[in-house]
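The primary structure of each chain is shown beneath.
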Amino acid sequence: MKILLIEDDAETASYVANGLKEQGHLVDRVANGRDGLFMAAGEPFDVMVVDRMLPGLDGLAIVKTIRAAGVRTPVLFLTTLGGIDDRVDGLEAGGDDYLVKPFAFAELLARLNALARRPPISQIETVLKEADLEMDLIARTVTRRGVPIDLQPREFALLEFLLRNAGRMVTRTMLLEGVWDFHFDPRTNVVETHISRLRSKIDKGQDFELIHTVRGSGYMLRGAS
């Protein structure tokens, strides 16, 4: 693979670059955000590794800019910022994966190989539909009966999860793991609260409801039967 590495920490950059080269990959290494953006937008790469905090221009701004310009090269964020909101910010900016420092090189390599195996964007489903509800994953828009619906990032992620599982029941645990990345039950009503907010935006004033409660089990998104 031809890989672009945008990392300002010299020790980390050398560790990653040398490891990738030993695996037979070609690595272009850049130490600041502005040069990184120039390389990312101007040359073809199979995958990019981008640090979040960079001099000149931060990693989020780099990825947002190249995505707006139509560059669809897979991006792995490599960062010390490991909070859930940080991960969400990275993915919302257009990143494809997120690895927190310190990390094992074997995991980094596995994640890069997985990103490189993904099909071209033209082969990926980018519009999700159920009945009169439509979500555009590229434009980050949601409409029902053609009317735009304004969703917060977490609401968008929750609706995307429900749409990808349309017609199937999803449990509270599935939503906590798939939307919030909780692999334990935090004993909060975060799921219930967000489902309620999403219902008020998606179903209120409509001819039929799309988001249904499966009593004692979870939730299901489906059109009118």
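No experiment lies behind these values; they were computed from the predicted model shown. Sequence order as written defines residue numbering, which begins from 1 separately in each chain. Residue-level local features of this predicted model are given only where pLDDT is at least 70; pairs of side-chain atoms are given and counted only at 80 or more, and the full residue set underlies all totals for whole chains, interfaces and linings. Side-chain figures throughout are based on the complete set of non-hydrogen atoms in the structure, without hydrogens or water.

Student: Before we go on, may I ask you to explain the pattern of salt bridges in this structure?
Tutor: Charged atoms that come close allow side chains of opposite charge to pair. For this document, the term salt bridge refers to a Lys or Arg side-chain nitrogen within 4 Å of an Asp or Glu carboxyl oxygen. Overall, the coordinates contain 14 salt bridges when judged by the stated rule. Between Asp 96 and Arg 67 there is a salt bridge, and its shortest N-O distance comes to 2.9 Å. Here Arg 67 lies in helix H3 (residues 59–68) and Asp 96 lies in the loop between helix H4 (84–92) and strand E5 (97–100), a separation of 29 residues in the sequence. Per-residue accessibility, obtained with a 1.4 Å probe over protein chains only, is compared with the maximum for each type, and a residue is labelled buried under 20%, exposed over 50%, and partly exposed between these values. Since its relative accessible area comes to 25%, Asp 96 is described here as partly exposed. Notably, a salt bridge pairs Glu 160 with Arg 164, separated by 3.0 Å at the nearest N-O pair. Of this pair, Glu 160 and Arg 164 both sit in helix H6 (residues 153–164), four residues apart, roughly one helical turn. The exposure class assigned to Glu 160 is buried, which follows from its relative accessible area of 19%. Given a relative accessible area of 41%, Arg 164 falls into the partly exposed group. Strands are runs of DSSP state E lasting at least 2 residues, helices are runs of H or I lasting at least 4, and numbering of each runs from the N terminus.

Student: I tried to follow the nonpolar core on my own but got confused; where do I start?
Tutor: Soluble globular proteins tend to bury their nonpolar side chains together. Remark: nonpolar core denotes a set of buried residues (Ala, Val, Leu, Ile, Met, Phe, Trp, Tyr, Cys) joined through side-chain atoms within 4.5 Å. Leu 133, Val 142, Leu 159, Leu 162, Leu 175 and Ile 202 are the most contacted members of the largest nonpolar core, which has 28 residues in total. Elements that contribute at least two residues to this core include exactly strand E7 (133–136), H6, helix H7 (172–179), helix H8 (190–202) and strand E12 (218–221). For this core, the leading source of residues is H6, giving six residues. Contacts: residue pairs with any heavy atoms within 4.5 Å of one another. Among all residues touching Leu 162, those that are not within four sequence positions of it are Val 170, Leu 175, Ile 195, Leu 198, Ile 211 and Leu 221. Counting residues in each nonpolar core, the second largest holds 21 residues, with Leu 4, Ala 40, Val 71 and Tyr 98 among its members.

Student: Looking at this model, I keep getting lost on unusual backbone geometry. Mind explaining?
Tutor: Most peptide bonds are trans, and most residues other than glycine sit at a negative phi. A cis geometry characterises the amide bond from Lys 101 onward to Pro 102, with omega recorded as -5 degrees. In this structure, Arg 140 takes a positive phi of about 60 degrees despite not being glycine. Turning to its location among the elements, Arg 140 is positioned in the loop between E7 and strand E8 (141–144).

Student: Would you take a moment to explain the sheet that holds strand E6 (residues 127–130) for this structure?
Tutor: Working definition: the strands of a sheet are paired by backbone hydrogen bonds and lie parallel or antiparallel to each other. If DSSP finds at least two bridges between two strands, the strands pair. Ordered in space as E6-E7-E8-E9, the four strands form an open sheet in which the pairing is antiparallel. The strands lining the two open edges of the sheet, one partner per strand, are E6 and strand E9 (147–148). Across four bridges, the pairing between E6 and E7 is antiparallel. Residue pairing in the sheet places Glu 130 in a bridge with Leu 133 of E7. Convention adopted: a line fitted to C-alpha atoms gives each axis, helices being fitted over their contacting stretch, and angles between N-to-C directions are expressed from 0 to 180 degrees. Each of E6, E7 and E8 touches H6; the most contacted strand, E7, lies at about 115 degrees to it.

Student: What am I meant to see in H8 here?
Tutor: Each helix should span, by expectation, one fewer than its residue count multiplied by 1.5 Å. In this model H8 runs 18 Å from its N-terminal to its C-terminal C-alpha over 13 residues, within 8% of the 18 Å that 1.5 Å per residue would give. Along H8, the residues classified as buried are Val 190, Val 191, His 194, Ile 195, Leu 198 and Ile 202. Relative to the axis of H8, the buried residues are bounded by an arc of 120 degrees and lie together on one face. For H8, the secondary structure elements touched by its buried residues are E7, E8, H6, H7, strand E11 (211–214) and E12. Arc definition: it is the arc formed by the directions from the helix axis to the C-beta atoms.

Student: For this particular structure, what's the right way to read the packing of H7 against H8?
Tutor: Packed helices, taken two at a time, are described by the angle their axes make and the gap between the axes. Running from amino to carboxyl end, H7 crosses H8 at an angle of 85 degrees, the nearest separation of the two axes being 10 Å. The orientation of H7 with respect to H8, classified from their angle, is roughly perpendicular. Contact with H7, carried on its side by Arg 172, Leu 175 and Leu 176, involves Val 190, Val 191 and Glu 192 of H8 and no other residues of that element. Across the contact of H7 with H8, the residue classes tally to four nonpolar, no polar and two charged. Angle categories are assigned with fixed cut-offs, so that under 35 degrees is roughly parallel, over 145 is roughly antiparallel, 65 to 115 is roughly perpendicular, and the rest are oblique. Three categories are distinguished: nonpolar for Ala, Val, Leu, Ile, Met, Phe, Trp, Tyr, Cys and Pro, charged for Asp, Glu, Lys and Arg, and polar for the others, with Gly belonging to the last.

Student: Would you explain the side chain of Arg 67 in this entry?
Tutor: A residue is classified by how much of its surface remains accessible, and Arg 67, at 11% relative accessible area, is buried. Here a polar contact means two N or O atoms within 3.5 Å. Within protein one must be a hydrogen donor candidate and the other an acceptor candidate, and residues neighboring in sequence count only if both atoms are side-chain atoms. Only 3.0 Å separates the side chain of Arg 67 from the backbone oxygen of Gly 94, close enough to count as a polar contact. In this view, Arg 67 contacts Arg 72, Thr 73, Pro 74, Val 75, Ala 93, Gly 94 and Asp 96; residues no more than four positions away in its chain are not counted.

Student: I'm lost on the sheet that holds strand E10 (residues 170–171) in this one. Help?
Tutor: A sheet is described by the order of its strands in space; here three strands give the open sequence E10-E12-E11, paired in antiparallel fashion. The sheet terminates laterally at E10 and E11, the two strands that pair on one side only. In the packing of H6 onto the sheet, contacts are made with E10, E11 and E12, and the angle to E12 comes to roughly 75 degrees. Against the sheet, H8 contacts E11 and E12, and its axis sits at roughly 145 degrees relative to E11.

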